[in-house]
Protein chains: 2
Amino acid sequence: MLRPMERADAARNRARILEAAERLFAAEGAPNVTMDDIARAAGVGRGTLYRRYPDRAAIALALLDEHERALQEELLRGAPPLGPGAPPAARLAAFYAAMVRLLDDHAHLVLGAETGRSRFTTGAYGFWRAHVRSLLVAADVPDPDALVEPLLAPLAPEVYGFQRDDRGLTAEQITAGLTRLADGVLGTPG
Amino acid sequence: MLRPMERADAARNRARILEAAERLFAAEGAPNVTMDDIARAAGVGRGTLYRRYPDRAAIALALLDEHERALQEELLRGAPPLGPGAPPAARLAAFYAAMVRLLDDHAHLVLGAETGRSRFTTGAYGFWRAHVRSLLVAADVPDPDALVEPLLAPLAPEVYGFQRDDRGLTAEQITAGLTRLADGVLGTPG
DNA sequence: CGGTCAAGTGGACGCAGTGTCCACTTAATG
DNA sequence: CATTAAGTGGACACTGCGTCCACTTGACCG
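Residues numbered from 1 in each chain as written. Chains lettered and ligands numbered in written order. Predicted model: local features only at pLDDT ≥ 70, side-chain atom pairs only at ≥ 80, totals over all residues. Heavy atoms only, no water.

**Considerations on the protein's contact with DNA strand C**
Inference 1: Contacts to DNA strand C come from 22 residues, most closely from A:R46, B:R7, B:N13, B:T48 and B:R51.
Inference 2: A breakdown of the atoms of DNA strand C within 4 Å of the protein gives sugar and phosphate a share of 56%.
Inference 3: Interatomic distance of 3.3 Å between a side-chain N/O atom of A:R7 and a base oxygen of DNA strand C.
Inference 4: At 3.2 Å, a side-chain N or O of A:R56 approaches a phosphate oxygen of DNA strand C.
Inference 5: Among the secondary structure elements, those contributing two or more residues to the surface near DNA strand C are α1 (8-28) and α3 (46-52) of chain A together with α1 (8-28) and α3 (46-52) of chain B.
Inference 6: Of all the elements, α3(B) adds the most residues to the surface near DNA strand C, at five residues. (Near = heavy atom within 4 Å. Polar contact = N/O pair within 3.5 Å; in protein donor to acceptor, adjacent residues only side chain to side chain. Helix = DSSP H or I, 4+ residues; strand = E, 2+ residues; numbered from the N terminus.)

Here is the structure:
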């Protein structure tokens with residue numbers, strides 16, 4: 001996007017790769033898809049694939065990033081309670097609800113991707129982080145930096161997947177739990 | 001332990017393997033240690049290693065399990081606030097503090113182990129889960145099942161590692177943040 | 001004690017996926 | 001067109017995984 005000129009064939013191949021990867025991830029489950037598979041499905045050579053994406057995780061994250069763009073927009077400029085205007089606790093709860101919806105929609109993509117620690121280095125994570133931090137500040141919580149990660153941790157794909165698949169919770173129950181978490185930490189006491 | 005008889009050589013090799021693995025994990029970092037390395041360092045054949053531990057994660061979890069035993073004992077029968085007797089919010093905070101200490105002590109072991117979802121299937125996780133759930137019940141929180149995982153999520157090694165290494169928080173700050181989390185969710189309102 | 005036999009051992013083997021490398025192709029520019 | 005640097009793709013060597021099976025060893029029994 002900012003790169004001083006991307007050749008037409010390069011752009012075409014990037015699109016092909018992402019499209020093929022999304023299809024394969026959905027069909028086979030992310031961990032079962034090899035770099036070879038993706039390259040072949042995209043009609044692209046091995047070297048071309050590696051030129052942009054050093055590993056599977058990079059591709060998965062690129063795809064997620066794309067889907068998360070819309071939500072980011074809403075957080076910044078949408079209507080309350082997701083957007084600005086509502087009290088912090090309500091905004092956090094709305095954010096949780098939206099994220100649960102997102103996780104549910106892209107479960108295939110995100111689950112089992114075994115993102116591990118690389119999850120934190122995404123652009124998207126930085127955005128969520130800044131958002132939650134600003135809510136903590138708005139709620140006058142002391143030392144907000146010590147609460148940001150604990151509040152974001154329940155949104156890790158592994159955690160969501162475990163609650164849903166192994167513990168048998170519905171998306172609604174999970175959202176309800178997170179809402180109580182938001183109220184507990186940010187809610188006006190008294 | 002319950003197995004109807006473990007041969008002497010088997011027991012000896014199990015000990016060797018765990019000892020070697022702990023040493024290597026600490027020295028090289030868990031993800032850089034191959035199954036081959038462990039087998040060689042333990043003076044044991046590849047097949048022997050695989051007989052018990054299907055992969056690296058299994059070994060790491062076995063080691064953690066061992067270290068977590070002591071804490072489990074304290075939770076059940078130790079003095080308050082860790083053991084029974086204190087109000088739920090205080091007990092949860094004490095549990096958090098103890099876990100942070102544990103994570104810090106075994107950082108080398110646990111960090112970068114990329115445990116992913118297998119973390120949830122440990123015996124230890126089941127124990128923490130039951131403990132936190134009982135605290136939620138004791139505090140008369142409705143639908144405790146929806147809050148257990150969110151409260152345990154911040155203790156994931158990845159999250160702790162990120163806060164400490166990338167965000168530059170101290171163990172004390174992290175503990176303080178978790179204490180506020182405990183108070184927010186379980187604390188007596190008013 | 002020595003014999004029996006299943007549990008336990010270890011390393012050779014085949015395989016799958018990774019990442020690199022470089023000779024070739026192709027889009028952009030004047 | 002000619003030039004040139006970005007981009008391409010597949011062959012290659014390598015590393016780590018997991019299995020398999022012929023051999024060893026410890027436990028138990030007569």
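**Describing the interface of chain B and chain A**
Inference 1: Taken together, the contacts link 33 residues of chain B with 33 residues of chain A.
Inference 2: It is B:R117, B:F162 and B:R180 that lose the most area in chain B upon contact with chain A, and together they represent 22% of the buried surface on that side.
Inference 3: In this assembly, chain B and chain A are joined by zero salt bridges.
Inference 4: The tally of links from chain B across to chain A stands at two residue pairs in polar contact (both at pLDDT 80 or more).
Inference 5: Looking at the side of chain B that touches chain A, the elements that each hand over two or more residues are α7 (123-138), α8 (145-152), α9 (157-166) and α10 (171-186) of chain B.
Inference 6: Here the side of chain B that touches chain A is built from residues that sort into 16 nonpolar, six polar and eleven charged. (Contact = heavy atoms within 4.5 Å. Buried area = accessible area lost by both parts, 1.4 Å probe. Salt bridge = Lys/Arg side-chain N within 4 Å of Asp/Glu carboxyl O. Nonpolar A, V, L, I, M, F, W, Y, C, P; charged D, E, K, R; others polar.)

**Some points on the protein's contact with DNA strand D**
Inference 1: Close to DNA strand D lie 22 residues; A:R7, A:N13, A:T48, A:R51 and B:R46 are nearest.
Inference 2: For DNA strand D, the backbone portion of the atoms within 4 Å of the protein, that is sugar and phosphate, comes to 56%.
Inference 3: In this structure, a phosphate oxygen belonging to DNA strand D sits 3.2 Å away from a main-chain N or O atom of A:D9.
Inference 4: In this structure, a phosphate oxygen belonging to DNA strand D sits 3.3 Å away from a main-chain N or O atom of B:A8.
Inference 5: Per element, the largest residue contribution to the surface near DNA strand D is five residues, and it comes from α3(A).
Inference 6: Taken together, the residues of the surface near DNA strand D break down into seven nonpolar, six polar and nine charged.

**Focus: the domain arrangement of chain A**
Interfaces are often sized by the accessible area lost when the parts come together.
Inference 1: Domain annotation for chain A reports domain 1 (1-54) and domain 2 (64-186).
Inference 2: Between domain 1 of chain A and domain 2 of chain A, the C-alpha centre-to-centre distance is 28 Å. (Domains from an automatic or database assignment.)

**Some remarks on the packing of aromatic side chains**
Residues and elements named next belong to chain A.
Inference 1: One pass over the structure, following the stated rule, counts twelve aromatic pairs over all chains.
Inference 2: For the pair F120 and Y125, a centre-to-centre distance of 5.0 Å together with 90 degrees between the ring planes defines the contact as edge-to-face.
Inference 3: Taking the relative accessible area as the measure of exposure, F120 reaches 6% and is therefore buried.
Inference 4: Judged by its relative accessible area of 3%, Y125 falls in the buried class.
Inference 5: The interplanar angle of 85 degrees and the centroid separation of 5.6 Å between the aromatic rings of F127 and W128 together place this pair among those described as edge-to-face.
Inference 6: An aromatic cluster is defined as three or more aromatic residues linked by ring pairs; in this entry it consists of F95, Y96, F127 and W128. (Phe/Tyr/Trp six-rings, centres within 6.5 Å; stacked < 30°, edge-to-face > 60°. Buried < 20%, exposed > 50% of the residue type's maximum accessible area, 1.4 Å probe, protein only.)

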